[in-house]
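# Inside the fold
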Amino acid sequence: MPVRSRLLSAGIIGVSVWCAAGELTVATAASPVVRLAAPASPFWALAGVLLGLSTPGLRPLRAIPALFATLPWWPVPIPVAFVIFTGPLAWWPIGLAVAGAVVAAREARARPAGHGPFARAGRQAGVAALLTLALGAATATSIADRLPGGDEPHYLIITDSLLRDGDLRIENNHRNRDYAAYFDGTMSPDFIRRGADGEIYSIHAPGVSALVLPAFALAGYRGAQATILGCAALAGALVWLIGWRATGRADAAWFAWAAITLTPTTLLLSGMVFPDGPGALATAAGLWLGVRLLDQARPVRTGILVGVSALLAFLPWLHTRFSILAGGLGLLLVWRIWIGGDGRLRRAVVFAAVPVAAALLWFGHFWIIYGTPDPTAPYGDNAGSRLAYIPGGLVALLFDQQFGLLAYSPVLAALALGLGQSGSVGMVSAARVAAVIGLVYSAAVTTYWMWWAGLPAPPARFLTAALPLAALPLSRSWAGAGEGTRAVLALLLAVSASIALVTAAVGGGALAWNVRDGQAAWLEWLGPVVNLPRAWPSFFWKLDPADLTSELPFVRHVAVFAGLVAGALVVVARLSTGRAAAAGLFGLAMPAAVMVAASTGWWLNDVTGLDPARSQMAIASAEGAGRRLLRIEAWRAGFEVSVLPALRIRPDEAGRADAPPSATVFELVPPGRYELDVLVSDPAPGRLDLRIGRSASPVRSVVVPGPGTFNVPLSLPSGAEALSVEALDEAGAAITGTDVTLRIVSAAVRAPLAVWSARFGDVDVFFTDRQVFVEPGGFWVRGSSEAGVHLLRESGPGVVQVVLRNGGSTNRVAVSIDGRREEWELAASEERRLDVPVGAGGVRLRVHSTNGFRPSDDAGSDDRRFLGVWVEIAPR
């Protein structure tokens, strides 16, 4: 490549990286024309140039997609779609350009069908198992602070009951708090209907509880988690083998494995004690055997038939809905055995023996406990299932931005391509039967009004067990595609893997769990300036459960959005003459398609598309840190002394929750001084409460003078993770028609933000972490923890007395006051009193308690909190 072209390519990447690394917002939520930015260090541009120089195959035309990251910085009148590529999403076009160059530079290494001996395929399947195990363990480590979560403790309490009592009756285990070793809190039995004997049996099936029992007995929750990880590893190996058997190509097998494994759905559930991970193993085993039986030259051993049949027989014990997978795969395998030639009757009987016996035991299990063989008995008389839920539920299970499978893993759409591929009659029919089984299972899931799988819930959890069914068509889609289409599939896989990485890694999995508010956490994180949740289809924005026609706007949005993106992919695949052309066109077409699709979504939802409050707060914090800020508008750009006067901050759009809060909420507010402009159109008099997080008392409460506009000054020396503003009438009901805008007088660099606040006398106390229990008169620091607080006197500078009273056991307590540290060894109930000077900006303290105690350890108390040292604060 000529030096000039190489330098031009590197320069494009350098400029794009410099823009992506900077921070940018809009002055108001009304228009993107005036933008305020904190440019990145020039070293970012240098890093981008080095990235460009080191990327193989990078040419100027292939680098052009990276320029999408520069669109928000252009000093021209721009539409809202131009500021999509800000924040984390600004790196996507750059990643597409670099990945496209790498894909184009690689030589095709497709192997002919059937290449390589089976032993080598076996070794690669082993590698797939190890990679699945490593990825699952890494994900489990990332989300460790959230585990055990959801229904995990309810499955484990069944394990406890089996271990301690040898039965499934869990009421005594809850009463004795047997779950205390793995669940910090109080947990009630999860049941709807008592058994025929009057005892409580969990609504959850006991299969996974029994499966993890040996390891749980040895190592508690970690042992149970290791069992699930082992199941995921075996499922990963089987998925790879399905792809290899279906195509005879290792590259096709690896594509199918990656497309299924690198989904948030698989990664999150591979280390959680739910039935879905083991269910995926049984499904993968059943489909693998179905493909294996097509090779009549190598008969399947009887032991394998029995082993797979036992796994399928175990599926209903994991969850009642898995009986559809077990029945569908069982019928497929019996049919394959029956048409397989010699000994078919004996082999069919051998295969069916275990499932038939297990089915009798399964129905008998419900008969014994509930007096009826009906598997829906645990759910009571009304299971809440309706066939009318299926159409909308199926679309949502695939496309909803919070819980949809394809929303997080668009590469899985390639299975439709695989179903259309030609090949041997047996393989084509197996792929289509697998698809039918998956469709019937998905439809059954959506008959119940909880297809989203809980609150909060990870994406598409109920589809985890069925995902291995996609291995066959996915591998066939790769094997039957041309070089250009494979390049598109590879880049689509990279996009899916990136989404999985973001959801599993950012904030310890904070983006992976959602509530039904119509706003996917990962989309909110990606777009700090624009309203991406309103651009993407959501099942919940306009939903009225009593009127199923309210699902139609969502279906319409899905059709438009998916049509635009799919159309762009089809155009890329058809116009591509090879891998290089496909990679370049993909990098251009996908960001453009997202811009058009987002603009269309905003039009359909009748919103402007801007939701910039978080990015505006970040710019204010950047000014507080002393960074030079840039003002960009139509045909003009220049540095400003201060951009704060230009900012008019409105709160982020609230989600559509089941019970939306009546308060206006500003998030990630940096330390500083503020003024709230409040417009009240409701004639009712009342007050305005300003509250940090879920604090029991407001940080400020003012009288609402009546209809009109008034101003409220506010000082937040520690900022606020969330600042709520609620207008209440004299009866305590929310005043409607309240409009709030936040103006920043001055801001400081972001320190740990206040999560709660409390007032003791005239002293405001801001808590900068969650290591405290706030009570009237003071607060407890958690045992074996350190808490940060910020004290501010309303009456101005002065002295505050801090009283430390130790808990019920010997403790070592330390206090840091603006960096100066003192430590004491305190006996039970011993006190220390400190006189702390408080300046105009307050004072920061950190209180550390080395040990702790539980009040419930003494008779007469049911308080199981782990407490360290009690703190009281009063002015002197």
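Look up: the structure comes first, before these words.
Computed from a predicted structure; not experimentally measured.

### Side note on the nonpolar core
With 169 residues, the main nonpolar core has W240 and F586 as its most contacted residues. Sorting elements by how many residues they give to this core places helix 9 (residues 213-247) first, with 15 residues. Look past the residues within four positions of W240 in its chain and what remains in contact with it is A121, Q124, A125, A128, A250, A253, W254 and W257. In this structure, V643, Y674, L716 and V740 belong to the second largest nonpolar core, which totals 41 residues.

### What about the packing of aromatic side chains?
Per the counting criterion, the structure on display carries 31 aromatic pairs. On the numbers, 5.2 Å between centres and 85° between planes, the contact of F539 with F540 is edge-to-face. Accessibility classification places F539 together with F540 in one group, the buried group. Taken together through their ring pairs, the aromatic side chains of Y389, F403, W449, W451, W452, F539, F540 and F554 make up a single cluster. Over the ring of W541 we find R534, and its NZ or CZ is 3.8 Å from the ring centre. Cation over ring: R628 sits above F639, and NZ or CZ is 4.0 Å from the ring centre.

### A closer look at the side chain of R476
Along the polypeptide, R476 turns up in helix 20 (residues 471-479). With no salt bridge to any partner, buried R476 finds its closest opposite charge in D251, at an N-O distance of 13 Å.

### A closer look at a nonpolar patch on the surface
Together, W335, W338, I339, L345 and V349 make up an exposed nonpolar region whose accessible area comes to about 510 Å². For the nonpolar patch, the secondary structure elements donating two or more residues are helix 14 (322-338) and helix 15 (344-370). Summarising the element assignment, W338 is placed in helix 14.

### Focus on the packing of helix 16 (residues 390-399) against helix 19 (residues 425-446)
Contact geometry for helix 16 and helix 19: axes closest at 8 Å, N-to-C directions at 110°. Relative to helix 19, helix 16 is oriented roughly perpendicular. Here helix 16 runs over helix 19; the crossing is right-handed. Residues I390, G393, L394 and L397 of helix 16 lie in contact with helix 19, whose contacting residues are L439, S442, A443, V445 and T446. Of the residues contributing to the contact of helix 16 with helix 19, the split by class is 6 nonpolar, 3 polar and no charged.

### Notes on unusual backbone geometry
Cis rather than trans, the peptide bond between L147 and P148 has omega equal to -10°. Take P148: it is sitting in the loop between helix 5 (118-142) and helix 6 (152-164). In the segment running from L455 into P456, the intervening peptide bond is cis, with an omega of -10°. If you trace the backbone, P456 turns up in the loop between helix 19 and helix 20.

### A look at the side chain of D764
Its location among the elements puts D764 in strand 13 (residues 763-767). Within the local environment of D764, its side chain forms a polar contact with the side chain of R759, the two groups lying 2.9 Å apart.

### Section: the pairing of strand 18 (residues 811-817)
Counting buried residues in strand 18 gives 6 out of 7 residues, a clear majority hidden from the surface. Sheet topology note: the strand 18/strand 19 (residues 820-826) ladder contains 7 bridges and is antiparallel. Along strand 19, the bridge assignment pairs I817 with R820. Adjacent in sequence and paired antiparallel, strand 18 and strand 19 are bridged by 2 residues, among which D818 carries a positive phi angle near 50°. For strand 18 and strand 21 (residues 843-849), the ladder comprises 5 bridges, and the chain directions are antiparallel. If you follow A814 over to strand 21, its bridge partner there is H848.

Rules behind the numbers
Residues numbered from 1 in each chain as written. Predicted model: local features only at pLDDT ≥ 70, side-chain atom pairs only at ≥ 80, totals over all residues. Heavy atoms only, no water. Core = buried A, V, L, I, M, F, W, Y, C linked by side-chain atoms within 4.5 Å. Buried < 20%, exposed > 50% of the residue type's maximum accessible area, 1.4 Å probe, protein only. Helix = DSSP H or I, 4+ residues; strand = E, 2+ residues; numbered from the N terminus. Contact = heavy atoms within 4.5 Å. Phe/Tyr/Trp six-rings, centres within 6.5 Å; stacked < 30°, edge-to-face > 60°. Lys NZ or Arg CZ within 6 Å of the ring centre and 35° of its normal. Lys, Arg positive; Asp, Glu negative; His and termini not counted. Salt bridge = Lys/Arg side-chain N within 4 Å of Asp/Glu carboxyl O. Patch = residues over 30% accessible without salt bridge, like charges linked within 9 Å, V, L, I, M, F, W, Y side chains within 5 Å. Areas by Shrake-Rupley, 256 points an atom, 1.4 Å probe, with all protein chains shown as cover. Axes fitted to C-alpha atoms, helices over the stretch in contact; angles between N-to-C directions. Parallel < 35°, antiparallel > 145°, perpendicular 65-115°, else oblique. Left-handed = near helix turned anticlockwise from the far one by under 90°. Nonpolar A, V, L, I, M, F, W, Y, C, P; charged D, E, K, R; others polar. Polar contact = N/O pair within 3.5 Å; in protein donor to acceptor, adjacent residues only side chain to side chain. Pairing = 2+ DSSP bridges.

Just distances and angles here, no functional claims.
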